[in-house]
Amino acid sequence: MQIKRLRISGFKSFVDPADLVIEPGLTGVVGPNGCGKSNLLEALRWTMGENSARSMRGAGMEDVIFAGTASRPPRDFAEVAILAERDGEETEIVRRIERGAGSAYRIDGRDVRARDVALLFADAATGAHSPALVSQNRIGVVIAAKPAERRAMLEEAAGIAGLHVRRRDAEVRLRATETNLARIDELIADQD
Ligand code: ATP
């Protein structure tokens, strides 16, 4: 899955609608302290279904809504849209939160449950907790990790961790089949 575009409105410091085009390849976000780099990554994770206000650095989920400044009044809602492409097909995922009304999700304009959004990203081996999203405070963890741990992180980020699980399942089934075959051979030998 490739994330091609991110539209943000009323989310944290992004009070005015912002439309970011994400080109293929590596994307870096640079800027002075406090300019909103982490907010950008949080907008992505929030739309993918993040439900922990603490991991959004807030006390409650409504804290993601622009809280106002000395010169601008607070907003009543926040909305983030992700345009993603998978196997040549584009999908738009939108999460919106309104004060006093909670969150609502849409996929391609249809109202859906949070679970549907989580499943969509899980199938694409990504999501709010994907190791492919490395926030500033996680960089140290990646650097300090042992080689085997780092390999596991990279494999999960690349979406191949699921293949290892399927391989283990297949090996267990293979061993069970070999045991059954050996047992059948014994039974046949007993009858001779
Ligand atoms: P650093 O490099 O220091 O980590 P950063 O570029 O990652 O900074 P963020 O942490 O993304 O910056 O943004 C912090 C800014 O977002 C602060 O100025 C904070 O006031 C603002 N902010 C966070 N939540 C809200 C909100 N709900 N309403 C308005 N502004 C907010």
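What counts and what doesn't
- Residues numbered from 1 in each chain as written.
- Predicted model: local features only at pLDDT ≥ 70, side-chain atom pairs only at ≥ 80, totals over all residues.
- Pairing = 2+ DSSP bridges.
- Helix = DSSP H or I, 4+ residues; strand = E, 2+ residues; numbered from the N terminus.
- Axes fitted to C-alpha atoms, helices over the stretch in contact; angles between N-to-C directions.
- Contact = placed C-beta atoms within 7 Å.
- Core = buried A, V, L, I, M, F, W, Y, C linked by C-beta atoms within 7 Å.
- Buried ≥ 20, exposed ≤ 12 C-beta atoms within 10 Å, placed from the backbone.
- Near = placed C-beta within 6 Å.
- Nonpolar A, V, L, I, M, F, W, Y, C, P; charged D, E, K, R; others polar.
- pLDDT = per-residue confidence, 0-100.

Novice: Explanation requested: the sheet that holds strand β5 (residues 102-107) in the structure shown.
Specialist: Two strands in a sheet stick together by hydrogen bonds in their backbones, pointing the same way (parallel) or opposite ways (antiparallel). With antiparallel pairing, the six strands of this open sheet are ordered in space as β2-β1-β3-β4-β5-β6. Each edge of the open sheet is held by one strand with a lone partner, namely β2 (18-21) and β6 (110-112). Here the strands of the sheet are splayed against their neighbours by 20 degrees on average, with no regard to which way each runs. Examined bridge by bridge, strand β4 (residues 89-98) and β5 share six bridges and lie antiparallel to one another. Counterpart to isoleucine 93 in the pairing with β5 is isoleucine 107. Along the sheet, helix α1 (residues 37-47) makes contact with β1 (2-9), β3 (77-86) and β4, crossing β3 at roughly 75 degrees.

Novice: Would you take a moment to explain the nonpolar core for this structure?
Specialist: Side chains that are nonpolar tend, in soluble globular proteins, to be buried together. Counting residues in hydrophobic clusters, the biggest one holds 25 residues, and the most contacted among them are Phe11, Ala43, Val64 and Ala78. Mapped by element, the contributors of at least two residues to this core are β1, α1, β3, β4 and α2 (114-123).

Novice: Explain the site of the ligand here, please?
Specialist: The immediate surroundings of the ligand are formed by 15 residues, with Asn33, Lys37, Ser38, Asn39 and Ala67 found nearest. The dominant element in the shell around the ligand, judged by the number of residues it contributes, is α1, at three residues. For the shell around the ligand, the residue count by class is four nonpolar, eight polar and three charged.

Novice: Explain α1 to me, please; I cannot follow it from the model alone.
Specialist: Since the α-helix packs 3.6 residues into each turn, any two residues three or four apart lie on the same face. Considered for burial, the residues of α1 that qualify are Asn39, Leu40, Glu42, Ala43, Leu44, Trp46 and Thr47. The inward-facing, buried residues of α1 contact β1, β3 and β4.

Novice: How do you make sense of the pairing of β1 when you look at a structure like this?
Specialist: A regular strand places its side chains so that they alternate between the two faces of the sheet. Here β1 pairs with β3 via seven bridges, running antiparallel. By the bridge assignment for β3, isoleucine 8 is matched with valine 80.

Novice: Please clarify how the pairing of β4 should be interpreted in this entry.
Specialist: Direction of pairing for β3 relative to β4: antiparallel, over a ladder of ten bridges. Counterpart to isoleucine 82 in the pairing with β4 is isoleucine 93. Linking β4 to β5, which pair antiparallel, is a turn of three residues; within it glycine 100 sits at a positive phi near 80 degrees.

Novice: How should unusual backbone geometry be read in this particular structure?
Specialist: Trans peptide bonds make up most of the peptide bonds, and negative phi angles are found at most residues other than glycine. Positive phi values are uncommon outside glycine, yet arginine 57 reaches one of about 60 degrees. Looking at where arginine 57 falls in the secondary structure, it is placed in the loop between α1 and β3. When the 12 C-beta atoms within 10 Å are taken as the criterion, arginine 57 is described as exposed.

Novice: Any chance you could explain the confidence of the model for the chain here in plain terms?
Specialist: Do not read the fine detail of predicted coordinates wherever pLDDT is low. Chain-level pLDDT for the chain is 89 on average; 93% of the residues reach the 70-or-more range. Per-residue pLDDT, averaged within each element of the chain, yields its smallest value for helix α3 (residues 136-144) (78) and its largest for β6 (97). Reported confidences for the modelled complex are a pTM of 0.75 and an ipTM of 0.95.

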